[in-house]
Amino acid sequence: MNRSLLSGDEAVALGALHAGISIGAGYPGTPSTEILEAFAALGGRAQWSPNEKVALEVAIGAAYAGARSIVTMKHVGLNVAADPLFTVAYTGVTGALVVVSADDPGMASSQNEQDNRRYAVAAGIPMLEPSDSQEAYDFTRRAVELSELWQVPILLRLTTRVCHSMTIVEDSPPASAPAEPRYERDTRRRVMIPSNARPAHRRLREKLAAAALWNESSDLNRRVGESTELGIITSGISFVHAREAAPGVAILKLGLTYPLPVERIRAFAASVARAVVIEEGDPYLAESLRAQGITVEAKPEAFRFGELNVDRVRRILAGDHTPEPAPPPGKPPQLCPGCPHRVAFGALRDLGCIVAGDIGCYTLGVLPPFEALDTCVCMGASIGVGLGLRHALPPAEARKVVSVIGDSTFIHSGITGLVEAVYNRPATGHVVIILDNGTTAMTGLQEHPGTGRSLHHLPAGRVVIEDIVHSLGIEDVHVVDPWSSPDAFRNQVAHALEAGDVSVIIARRDCLLAAGRIKAYERAIARDGGLEQCVERD
Amino acid sequence: MAAWSNVLNATSVTNIVIAGLGGQGVLKASGIVADAAFRCGMDVKKAEVHGMSQRGGSVASDIRFGRMVLSPMVPPGEARFLVVISPDQVENNRWQLAPGGVLITPDQIDERKLKNRKSINVALLGVLSTHLEIPLDAWLAAINANLAERLRPVNLEAFQVGRDAARSSQ
Ligand SMILES: Cc1ncc(C[n+]2csc(CCOP(=O)(O)OP(=O)(O)O)c2C)c(N)n1
Ligand code: SF4
């Protein structure tokens, strides 16, 4: 048994390794990114997929083959992967499938604070919620066991504070390996034509009913404290805040939060004079319990927003409705000095463009001194939104619309937008600028299919962005280095705006922070295929 | 040394916040503190929000240790120690400091004594170390474990610069 100080993400990785998970797939996204990186560093097989949907599909295939698989993503990633998610719940799995959703209440680094506990209910997938790194380790292993036991995918729902906090983990002996994967045909269960899907839906509900019964006496939920006065019902990170905020009260700490152990909670609530639900985000627990006729106090609406902490839990318990003090604002992040994106936004500002933006470092083009980004919805949206603007605006304004998208984002979900541009071409044409900085910078410099290197920075197949663009029949394609000549770049954009065609400008220049590493990876690959990497992270 | 800094015997939790700007080594510094406390057999938690690659935005990290730590986040206004690596980040982080808490900033260090100015984060840990009863060998082991080999000599020296500066002003 080893004791170590690990982040929740690292603990999930160690748990995955010890649970015998043989493949981890995912797409980077804060705060989930480090899970696969740590899994790879521990010797696990990990790979970045072009997006979360593909990653989940890869993990589903592996689990159909009888392997144990894990797929990791941030909360909004599960929106992208939702289509396979809802139906793999019907098909079930043969091996194990753990779906990690890392939510970001408070939006430390996200465009929304959606609460993915709702996905467990909507898709019908049992959900585990660890509250620290020890539980992140334990619950990852339990998720594998339960997935094999019930033959369903399991949602491991983390939040930023669980992912990025370091707490002590004691590991336990690795599990025995699963049987060697081999294919067993089972079309009735795996081919979801309506005649198969109808019984599959009933099977899923039966599995969930069995899981709910099992959960009534599961050790994944526990009571702390014997008080009969105040009782707190909670899960995840809120548990540790509540324990600190209210020492000596009774707490029912839930680990398996879908399907809920309703009778156990009912008995707990009845054992105390006052039962309060402490949860971050949506009132998922409170609403579910009230629907079951259990009388609980829920937090006031103000606490739906942002993270909880000890102070906020104290306020909820005390019924304190006074305004919360806002911490003084810090310095917002900015594009690094020397960032190649700066040239692009300087040009777009000078040309007075209407910029349909996307998600990545370059979203910071919205801030001074550029203020040259007009929209940002979700990954890949820049192209569709730009086209919609072109369709709706009067021609004089439509001609100013530009879509701006990063390289990793283009491969994630921009390609279909470009297909739309070709298929439903606006009367004024369109201009798409792909900011190819050779990395997924925003989330910490991960590789992607366009870099031609794997998650481990080793040689992999390379998807050439300009080849994709050409293959769609787009003729006006330019690859330029914005940094070498900002004027030439601006002229290129101005020219494309006037042309009235569908034009794609690929602005190619390595991210300043990544450039040194990219050179080192390439040197290592040239030397010995990258096996002896000596790239130090600092 | 103040009585409450006797962390090894304390039943209470020691709360430390390290703040600065992205790229200054805030997270590296908090990792070293957490590791040093972990090596002393204490319960330790460390929390921070990170994810954005870009350099220059505000960053803060919380470290808590003691016999048992619950929340990983230092409650507002309960930091015994506030270490701020960038002078312009002192005011927006001051609210974290407990009444009577200790503020540690670069002006307590003669930066000319640093071989590399980037090691100011570790130099400030040298100052912090003189307030805590974490033994020196735990600090040194934590520094060695958290830094690449080529960076160790400079940072070990910086740590000593911080310790000397604190001692000479106490
Ligand atoms: C569906 C979804 N997955 C992941 C993320 C996290 N994320 C934000 S931007 C980004 C990619 C950034 O890479 P790129 O487009 O190359 O731009 P760069 O940051 O390098 O400028 C990712 C993965 C997200 N916001 N949404
Ligand atoms: S990390 Fe790279 S892409 Fe992001 S702002 Fe800095 S230089 Fe630009």
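Residues numbered from 1 in each chain as written. Chains lettered and ligands numbered in written order. Predicted model: local features only at pLDDT ≥ 70, side-chain atom pairs only at ≥ 80, totals over all residues. Heavy atoms only, no water.

**Side note on the overall build of chain B**
When helices and strands are counted, chain B shows four helices and five strands. Each helix and strand of chain B, placed in order from N terminus to C terminus, yields the pattern β-α-β-β-β-β-α-α-α. Computed over its C-alpha atoms, the radius of gyration of chain B comes to 15 Å, within 12% of the 15 Å expected for a compact globule of 170 residues. For chain B, the C-alpha atoms occupy an extent of roughly 40 × 35 × 30 Å along the three principal directions. Going through the 170 residues of chain B one by one, you find that 58% of them count as buried. Counting only contacts in chain B whose residues sit at least 6 apart along the sequence, the fraction spanning at least 24 positions is 64%. Here chain B displays about 6,900 Å² of accessible surface, and carbon together with sulfur accounts for 51% of that area. In chain B, 18 side chains carry a positive charge and 15 a negative one; their mean positions are 3 Å apart. (Helix = DSSP H or I, 4+ residues; strand = E, 2+ residues; numbered from the N terminus. Rg over C-alpha atoms; globule rule 2.2 N^0.38 Å. Buried < 20%, exposed > 50% of the residue type's maximum accessible area, 1.4 Å probe, protein only. Contact = heavy atoms within 4.5 Å. Areas by Shrake-Rupley, 256 points an atom, 1.4 Å probe, with all protein chains shown as cover. Lys, Arg positive; Asp, Glu negative; His and termini not counted. Charge placed at Lys NZ, Arg CZ, Asp CG, Glu CD.)

**Examining helix 3 (residues 52-64) of chain A**
Residues and elements named next belong to chain A. In a regular helix each residue adds 1.5 Å, so 13 residues correspond to 18 Å; helix 3 covers 18 Å between its end C-alpha atoms and thus fits that length. Every buried residue belonging to helix 3 is among Glu52, Ala55, Leu56, Ala59, Ile60, Ala62, Ala63 and Tyr64, and all of these are buried. In this structure asparagine 51 caps helix 3, since a side-chain oxygen of it lies 3.0 Å from the backbone nitrogen of lysine 53. Remark: glycine 66 follows helix 3 within two positions and exhibits a positive phi of approximately 100°. (Expected span 1.5 Å × (residues − 1). Polar contact = N/O pair within 3.5 Å; in protein donor to acceptor, adjacent residues only side chain to side chain.)

**Regarding the pattern of salt bridges**
Residues and elements named next belong to chain A. One pass over the structure, following the stated rule, counts 41 salt bridges over all chains. For the salt bridge of arginine 142 with aspartate 219, the shortest nitrogen-to-oxygen distance reads 2.8 Å. Highlighted residues: arginine 142 in helix 7 (residues 133-150) and aspartate 219 in the loop between helix 10 (194-216) and strand 9 (222-224), separated in sequence by 77 residues. Residue aspartate 219 is classed as exposed on the basis of its relative accessible area, which comes to 53%. The partner of arginine 508 in a salt bridge is glutamate 466, and the shortest N-O contact between them spans 2.8 Å. (Salt bridge = Lys/Arg side-chain N within 4 Å of Asp/Glu carboxyl O.)

**As for the site of ligand 1**
All names here are of chain A. If you check the shell around ligand 1, you find 26 residues, and the closest are Glu52, His341, Asp407, Thr409 and Ala441. Cysteine 361 has a polar backbone atom sitting 2.9 Å from an oxygen atom of ligand 1. In the environment of ligand 1, an oxygen atom lies 3.0 Å from a nitrogen or oxygen atom belonging to the backbone of serine 408. Bound to the protein, ligand 1 loses 98% of the 580 Å² it would expose on its own. Taking a 2 Å distance to the grid points as the criterion, the majority of the atoms of ligand 1 fall inside the second largest pocket. Sorting the residues of the shell around ligand 1 by element identifies helix 4 (75-80) and helix 18 (407-423) as the ones contributing at least two each. (Near = heavy atom within 4 Å. 1 Å grid on protein atoms, 1.4 Å probe; cavity = no way out; pocket = protein on both sides within 12 Å on 5 of 7 lines; lining within 4 Å. Sits in = over half its atoms within 2 Å of the grid points.)

**With respect to the interface of chain A and chain B**
At the junction of the two partners, chain A supplies 43 residues and chain B supplies 36 residues. Carbon and sulfur atoms make up 62% of the area that chain A and chain B hide from each other, which totals about 3,400 Å². Taken together, the links from chain A to chain B amount to two salt bridges. Two residues, Arg64(B) and Glu244(A), come together in a salt bridge whose shortest N-O distance is 2.8 Å. Only strand 1 (3-7), helix 8 (160-164), strand 8 (166-170), helix 11 (237-245) and helix 14 (310-318) of chain A provide two or more residues apiece to the side of chain A that touches chain B. Bridge count between strand 8 of chain A and strand 2 (residues 43-48) of chain B: two bridges; the pairing is antiparallel. Residue pairing in the sheet places Met166(A) in a bridge with Lys46(B) of strand 2 of chain B. (Buried area = accessible area lost by both parts, 1.4 Å probe. Pairing = 2+ DSSP bridges.)

**Observations concerning the domain arrangement of chain A**
Interfaces are often sized by the amount of accessible area the parts lose when they come together. Residues and elements named next belong to chain A. By the assigned domains, chain A splits into domain 1 (3-215), domain 2 (222-318) and domain 3 (340-537). The C-alpha centroid of domain 3 is placed 31 Å from the C-alpha centroid of domain 1. Taken together, the contacts link 18 residues of domain 1 with 17 residues of domain 3. Summed over both sides, the interface between domain 1 and domain 3 buries roughly 1,200 Å², with carbon and sulfur atoms accounting for 60% of that surface. Looking only at domain 1, the three residues that lose the most surface to domain 3 are Tyr27, Trp48 and Gln111, adding up to 39% of its buried area. In this assembly, domain 1 and domain 3 are joined by zero salt bridges. Breaking the side of domain 1 that touches domain 3 down by element, the ones donating at least two residues are helix 2 (34-41) and strand 3 (46-48). Among the residues forming the side of domain 1 that touches domain 3, the class breakdown is eight nonpolar, eight polar and two charged. (Domains from an automatic or database assignment. Nonpolar A, V, L, I, M, F, W, Y, C, P; charged D, E, K, R; others polar.)

**What about the packing of helix 11 of chain A against helix 14 of chain A?**
Residues and elements named next belong to chain A. Running from N to C, helix 11 and helix 14 point in directions that differ by 65°, and their axes come no closer than 8 Å. With respect to helix 14, the element helix 11 is oriented roughly perpendicular. In this structure, helix 11 crosses over helix 14, and the sense of that crossing is right-handed. Contact with helix 11, carried on its side by His241, Ala242, Glu244 and Ala245, involves Val310, Val313 and Arg314 of helix 14 and no other residues of that element. (Axes fitted to C-alpha atoms, helices over the stretch in contact; angles between N-to-C directions. Parallel < 35°, antiparallel > 145°, perpendicular 65-115°, else oblique. Left-handed = near helix turned anticlockwise from the far one by under 90°.)

**A few points about the sheet that holds strand 11 (residues 250-254) of chain A**
In a beta sheet, neighbouring strands pair by backbone hydrogen bonds and run either parallel or antiparallel. Residues and elements named next belong to chain A. Pairing in this open sheet of four strands is mixed, and the strands run 9-11-10-13 from one edge to the other. Pairing within the sheet leaves two strands with one partner each, and these edge strands are strand 9 and strand 13 (274-278). Strand-to-strand, the axes of this sheet are offset by a mean angle of 20°, without reference to chain direction. Of the pairings in the sheet, the one linking strand 9 to strand 11 comprises three bridges and is antiparallel in character. Along strand 11, the bridge assignment pairs arginine 223 with leucine 252. Relative to the sheet, helix 12 (residues 262-270) contacts strand 9, strand 10 (230-235), strand 11 and strand 13, its axis offset from that of strand 11 by approximately 170°.

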